[in-house]
Every structure is written in structure tokens, then in C-alpha cells.
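Breakdown of the fold
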Amino acid sequence: MKKSIKVLWFCNVKFSNSKSVATGSWLYSMSEALIETGEVELFNITEGSVDKVVRDDYGVLKQWVLPNNSIKKNGLPSTKIVLEIQLIIKDIKPDIIHIWGTENYWGLLYARGFIKGNVLLEIQGLKYAYAKYFYAGMSLLDIIRCFRLKEFIKPTSSLIGSKLRFKKWGKFEKEMILKCGYISTQSDWVRTYVSNINGKAKLIKTELPLRNEFLQANKWEVDKCCPLQIFTSTSGTSLSYKGLHILLDALTILKKRYPKINLHIAGSIVSGIRMDGYSKWLKDKISKNDLANNITWLGSLSANDIVFQMHRANVVVVPSFIETYCLALDEALTVGVPTVVSFSGAMPELAKHEESALFYPSGDIEMCANFIERLMNDKNLSMKISKNAYKSKVNKNNTDIAVKQLKSYKTILSN
């Protein structure tokens, strides 16, 4: 009987029966597909709301949950947590350690010699790159308007403070990238950034699996959608670089000609004492432009909920100023819903302008509105975009993606 490869993941997802509807959803699909190959024994180390290290397995996936720790100035947690991690690794004796993302301290453990072995560093987001786009076309006056009492009391919570935090963590990201010999990416855009830091690293391409709800979804149909209905699943947060303010400004333009136009947003706007300055600025923008009756906040959505919204939408919009990949765009293409996308980051690698999506210059409000209007009014164009988008993704499946991931692990082991 062939020996299984022991693979230890470090990731920000705690696997549980109540599957995440937020970031990292693809990790469920990847873990399940890898386990189904019969060639992988999978382990996971993550963080959660616990007081001490807890063993919390998810099916056959063995999992350890660490307490959410405050990070020291050197980017690492307490010495006690580092020792706990070392003991877990000593007990597992993994063949491969796969670190999902540079947004946490996991990669620093390897960069500074606290963990050893065959390590694959996965690039998800790049905070130092995001920092350049953090203000997302906002003017100085816009940024000032995002200051309220909370930002004056705690300046680090402001847009300016948040951008500085991203830049600061970027130094640690660069340290991780510089010290890793194997780095996995999902786009040419990311590979360019990584190569500029570590030209000697061996780059491996990882494809992100989609949840089965998207792979098995019926294709979008123009005659079954709701006219004048827009959907976005990437902008329901208080992150300025996701570009929700651009979409709201485009909606303001469109409302003059289409008073009943409606924007459905996955997520909800923060309220009360937790409201941040950017969210307050968005709320003021909605009020000023009389958009309240044209916007529906949908709250947290499951995969089935998102598919339902895509089927009903006339148009999907992805207004982000920066994406290292963009799962939301991949999902829209897979369902075949006509999509208007910002030409930014890695997104132009996923679709072609005027064929499988319509790309507008990042931050260009007028062109964003124009392309939304074109798809709302031109049935033939919508059908063409939908057909080509669906066709480009129709053969995507998680089994092939898992086989490629397994091949990457074997390549590292053979070297």
C-alpha cells in the first residue's frame, strides 16, 4: 500500500461543520479534494477563540486551534505559542508544510528558523502591494471626511493608520518571501511581485478550487434575471480598496436614468459604535445621493445564496482596486453572469474584455456606469458575455485542481 504524504497546513480557516462563508472558503474544497485522492494525510494549525491550544479535528483532517494571540513588534506571538507549534510539528513529522498566506506570522516562523522542513509558502494577499492602492482614488478631502470620533481616539483605526499597518506588515511579508525556496501563486501579477523580491525562489502555480455550489450551478439566463438589478459580492466590507464607493457613485449616475435600479450587496454596513470612518463616509454618500431605496444589504451569504443572487442579477460588478486573484470574479464567470470588472491586479488574467467580461479603467466611475448600462440594455451583448464566460470555466473541477496540488507537493519532495 502506497504511503500517504503527510501535509501540514497553516491557515486562517478553522475547519468546522458550519462552513465559512467568508474568506478562505476554497480551502474546504481543496482539503476535501486532496483527501479524496487517498494520497494525502492532512493536518491543520490555525487560530480561534480559545484560551489554550485545542485539538479540534474536522472529519479525518487533524486540527489544532491556537489562541488568538497579540503579535509582538517582531511579528511573532508569545514564546509559549511558538513552542506549542514546534511540539505539534515534532509530533506530526510532516513531509510538507504548506503555509497559506503571508497575512499572518506563520511564514515568519520558517523565515527565522523556528520551524524547518519542506515548506511551501502560498501567496494570497500582499499587504505591502495593497497599501499602494489603499485610498482607492479618494481625494484628501474624502480621506479627512472618513475621520470621526473613533479615528481621533484611535488613529490606527483610520484609513491612514490602516494603510500604515499594511506597509509595516509588508516588511514581514518581504522577509517571508525572501527566505522561502518554494512559493506558490495564482496569477502572473503576483509572480511579478514575488520575483522582484526573491528571483531565486521556485514558483509553483496553485489553482483555487470553487465550492461545489458554483461548479454545479445552472448557467445564468437573460430571460430569468431581474432587470435593473446589480449584484456585488466583493464590496460588502469596510475595506476602501474594494472600491464600493466607486460603485455607489456609478449607481448615482445610473439612477438619474433608471430610478428603480437596485444594487444588492453581499454583507452589511457596520453600524453603531463599531462603525469605522470609511463606512460612515459611505453611509453619508448613500444619504446625500438619495440611494437608500436603491440598495439592499444582504448580510452574510452562503454559496447557495450567492448563486441565487447571481442568477437574479442583470449585472455583477467587481469594483476592486487590487486583487491578487479574485474568487468572486471566478465565481461569476463560472455561473455565466455578465460582469463589469475593474481592470486591476490579476483580474484581467481571468477574463477578456468584450468577450467574457467588460473591463473599465480602475476608479473610472463614468465608464463603470456606462458598461453596467450597456449590459442592462443590450440583451445580445449580455448573452454573448454570458456564453463566453461560462464556456471559459465549464471544465473547471476540483479533482483536477487537487491532482495538480498533489503534483506540486511531490515535486518539492523529489527535490
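In what follows, the accompanying structure is described. For every chain, the first residue of the written sequence is number 1, and numbering continues from 1 along that sequence. In keeping with the predicted nature of the model, local features appear solely for residues at pLDDT of at least 70, side-chain atom pairs appear and are counted solely at 80 or more, and the whole-chain, interface and lining totals rest on all residues. Here the side-chain values reflect all heavy atoms present in the structure, with hydrogen atoms and water set aside.

**Brief notes about the pattern of salt bridges**
Salt bridge criterion: a side-chain nitrogen from Lys or Arg within 4 Å of a carboxyl oxygen from Asp or Glu. Going through the model one piece at a time under the given rule, you end up with 18 salt bridges. The closest approach of N and O atoms between Lys 410 and Glu 39, which form a salt bridge, is 2.8 Å. Taken together, the residues Lys 410 in helix 16 (residues 398-414) and Glu 39 in the loop between helix 1 (26-36) and strand 2 (40-48) connect sequence positions 371 residues apart. Lys 62 serves as the salt-bridge partner of Glu 41, at 3.3 Å between the closest nitrogen and oxygen. Taken together, the residues Glu 41 in strand 2 and Lys 62 in strand 4 (residues 62-67) connect sequence positions 21 residues apart. Only protein chains enter the area calculation, which uses a 1.4 Å probe; residues under 20% of their type maximum are buried, those over 50% are exposed, and those in between are partly exposed. The class of Glu 41 is partly exposed, set by a relative accessible area of 26%. Numbering goes from the N terminus for both helices and strands, where a helix is a DSSP run of H or I of at least four residues and a strand is a run of E of at least two.

**A short note on helix 14 (residues 365-377)**
In a regular helix each residue adds 1.5 Å, so 13 residues correspond to 18 Å; helix 14 covers 18 Å between its end C-alpha atoms and thus fits that length. When checking whether two residues touch, look at their non-hydrogen atoms; a contact exists if any pair is within 4.5 Å. Each element contacted by the buried residues of helix 14 is listed here: strand 9 (229-232), helix 10 (244-255), strand 12 (315-318), strand 13 (339-343), strand 14 (358-361) and helix 15 (379-393). The N-cap of helix 14, judged by a side-chain oxygen 3.3 Å from the amide nitrogen of Glu 366 a few residues on, is Asp 364. A helix is expected to span 1.5 Å multiplied by its residue count minus one. Contacts described as polar in this section are N or O atom pairs within 3.5 Å, which, within protein, must combine one atom able to donate a hydrogen with one able to accept it, while residues neighboring in sequence count only if both atoms come from side chains.

**Description of the packing of aromatic side chains**
Only centres within 6.5 Å qualify two rings of Phe, Tyr or Trp (six-membered ring in Trp) as a pair; their planes then separate them into stacked at under 30 degrees, edge-to-face at over 60, and tilted for everything else. Evaluation of the coordinates by the stated rule reveals 18 aromatic pairs. Plain terms: the ring middles of Trp 189 and Tyr 193 are 4.4 Å apart, the flat faces sit at 35° to each other, and that makes the pair tilted. Of the two residues, Trp 189 and Tyr 193 both sit in helix 8 (residues 188-197), 4 residues apart, roughly one turn of that helix. Chaining the aromatic ring pairs together yields one cluster made of Trp 9, Phe 15, Tyr 28, Tyr 58 and Trp 100. Of note, Lys 127 hangs over the ring of Phe 166, and the distance from its end group to the ring centre comes to 5.1 Å. By the criterion adopted, a ring carries a charge over it if an Arg CZ or a Lys NZ lies within 6 Å of its centre and within 35 degrees of its normal.

**Concerning the nonpolar core**
Within this scheme, the nonpolar core is defined by two criteria: the residues are buried Ala, Val, Leu, Ile, Met, Phe, Trp, Tyr or Cys, and they are joined through side-chain atoms within 4.5 Å. By size, the foremost hydrophobic cluster in this structure holds 82 residues, and its most contacted members are Phe 10, Ile 45, Ile 85, Tyr 105 and Ile 372. Setting aside its immediate chain neighbours within four residues, Ile 372 contacts Ile 230, Leu 247, Leu 254, Val 315, Val 317 and Val 340. Counting residues in hydrophobic clusters, the runner-up holds 59 residues, among them Val 222, Val 318, Leu 327 and Ala 351.

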